[in-house]
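Letter by letter, the chains look like this.
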Amino acid sequence: MSRMEPGDLVERGRRVLVLEADAIRRVAERLGPPFAAAVRLLAGAQGRIIVSGLGKSGLIARKIAATFTSTGTPATFLHPVDSLHGDLGIVGRDDAAIILSKSGASEELFGLLQQLKRLGVPIIAVTGNSDAALARQADVVLDAGVTEEACPETLAPTASTTAALALGDALAVALLEVKGFRREAFAALHPGGALRPERPMRECVVLLAEKRGTVAVVDERGSLLGVVTAGDLTRLMERAEAFLDIPVGEVMTQAPKTTTPDELAGAAVRVMEQHGIMALPVLDGGRRVVGMVHLHDLMRSGAV
């Protein structure tokens, strides 16, 4: 390991940040009519946004899909290889696709591209190579090219993945504004991890792990319909093998115990103890979910 002075390390880090910021600035300068066309394409999709990519581009694609979902547009990540082994079934003719690839020439993408074209799914390519096969197959091409990667010897994509991520954020925010998605709706989508009743249990499983075992199920206004708990998942797994595709609305507990922002912490704890539950949805006056209070949080606050 080479010995470097702290100042040298700081300068190395600063160089990376400046280089990646410059890459985003150049992408912004090149932004033009294709970006507007991409936003219109996404706004016209009646189904979901399918986001795909390989390797590091795949990791960026996952984040972009999550950003779309968080801002009111249902989206999902689809691995291009897995799509050829059964996962293509999640794609519908009303969907739109965003495919990320620095080179635009990865052979693993071609099978997915062919299937998307067969289904008539419009494709947005985010790539650094506008002459590649991906760009030729796409309906809209967004230029994410960079002149230099921040990683020495180009051992890993750095500036290029940053540029692709920024373009994905730009698409999501522009689409949010086109669709009139506002802060109130965003809050309704984030009450400690909430799902619509038609979403599959495979999405709920992830949220159960992230949100400590309780997920709220809400309608389009964010009003509570029920909850799914880790216990519900365990019982479902015992009785159904293909449980991941079951809608959460068929699994949820209807009319769960709840609390309000004005309720005393001690009262919430008492409800949890009486009914053997670990969390309560917090509802406003219109029964919209504004949060989720957990017993562990109340214990840390000294309410127990």
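Residues numbered from 1 in each chain as written. Predicted model: local features only at pLDDT ≥ 70, side-chain atom pairs only at ≥ 80, totals over all residues. Heavy atoms only, no water.

1. Concerning the environment of Arg-221
With respect to the secondary-structure elements, Arg-221 resides in the loop between strand E7 (214-218) and strand E8 (224-229). Look at Arg-221 and you get partly exposed, because its relative accessible area is 48%. C-alpha separation for the pair Arg-221 and Arg-287, spaced 66 residues apart in sequence, amounts to 9.6 Å. (Helix = DSSP H or I, 4+ residues; strand = E, 2+ residues; numbered from the N terminus. Buried < 20%, exposed > 50% of the residue type's maximum accessible area, 1.4 Å probe, protein only.)

2. Section: helix H8 (residues 201-210)
Every buried residue of H8 is listed here: Met-201, Cys-204, Leu-207 and Leu-208. Buried residues of H8 fall within an arc of 110° about the axis and therefore sit on the same side. Residues of H8 that are exposed and angled more than 90 degrees away from the buried face: Ala-209 and Glu-210. Where the residues of H8 are buried, they touch strand E6 (194-195), E7, E8 and helix H9 (230-239). (Arc of directions from axis to C-beta. Contact = heavy atoms within 4.5 Å.)

3. Quick notes on unusual backbone geometry
The residue Ala-255 is not glycine, and still its phi comes out positive at about 50°. Overall, Ala-255 belongs to the exposed group, its relative accessible area being 68%. A positive phi angle, close to 65°, is found at Arg-287, a residue other than glycine.

4. Remarks on the nonpolar core
The biggest cluster of nonpolar side chains holds 31 residues, and the ones touching the most others in it are Leu-42, Phe-68, Ile-98, Leu-100, Leu-142 and Leu-171. Those elements that provide at least two residues to this core are helix H2 (33-44), strand E1 (49-53), helix H3 (55-70), strand E2 (75-77), strand E3 (96-101), strand E4 (123-127), strand E5 (140-143) and helix H6 (159-179). Element by element, the count of residues in this core is highest for H6, at seven residues. Excluding residues that lie within four positions of it along the chain, Leu-42 makes contacts with Ile-49, Phe-68, Ala-96, Ile-98, Ile-124, Leu-171 and Leu-175. (Core = buried A, V, L, I, M, F, W, Y, C linked by side-chain atoms within 4.5 Å.)

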